[in-house]
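Read off the chains here:
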Amino acid sequence: TNIDNVSSVSCSRGIKYQHTACTTTDGALFTWGSGYKGKLGHQKSWSHGEPGDEKVPRRVDAANSVRVVKVVAGGIYTVILTEGGLVWSFGCGSDGRLGHPECKGHRYLYKEGFPRVIDTLTKVKVVDVACSYYHSVCCCDRRENE
């Protein structure tokens, strides 16, 4: 796969389940590596099955409707920041690391196989994101209409 005009790259670390993600200047998102828990974002719908690994970069179709400006590979999940300041997450949601309310009561089993907006962050404009294995942080600004 040939990817032109890469604007950001992020790689996860660990003994296993590593993955890499990048964005391009036109806002496209690509992921590759371990597909564990859906952290590559290539699933079309929710499934109990484990998605496969990707040996070469593959465009994340579920993110085609937005312009992605930053991606962070956070261990066993992925977070993206859009041009409009929205944050989307996917992959392993254990212990709430994805920011989606459905994780409550699912300490080790919750996952998202495709990007989803983190609803609690839609009231602010996120200007930057960072991730570790277990948590994410965002730098926020107020939305202009508030």
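Located above this text is the structure these notes cover.
Residues numbered from 1 in each chain as written. Predicted model: local features only at pLDDT ≥ 70, side-chain atom pairs only at ≥ 80, totals over all residues. Heavy atoms only, no water.

Caption draft 1: Layout of the sheet that holds strand S4 (residues 54-59). With respect to topology, four strands assemble into an open sheet ordered S1-S2-S3-S4, the strand pairing being antiparallel. Strand pairing shows two members of the sheet lacking a second neighbour, strand S1 (6-11) and S4, which therefore form its edges. Between one strand axis and the next, the sheet turns by 15° as a mean value, whatever way the strands run. Two elements, strand S2 (residues 19-24) and strand S3 (residues 29-33), share five bridges in a ladder whose sense is antiparallel. Pairing of His19 across the sheet is with Gly33, part of S3. (Pairing = 2+ DSSP bridges. Helix = DSSP H or I, 4+ residues; strand = E, 2+ residues; numbered from the N terminus. Axes fitted to C-alpha atoms, helices over the stretch in contact; angles between N-to-C directions.)

Caption draft 2: Inspection of the sheet that holds strand S7 (residues 87-92) at higher detail. In spatial order, the strands read S5-S6-S7-S8; together these four strands make up an open sheet with antiparallel pairing. Two strands close off the open sheet at either side, each with one partner strand: strand S5 (68-73) and strand S8 (111-117). Averaged over all neighbouring strand pairs, the angle between strand axes comes to 10°, with direction disregarded. In this structure, S7 lies alongside S8, joined through four bridges in antiparallel fashion. Looking at S8, one finds that Ser89 is bridged to Arg116.

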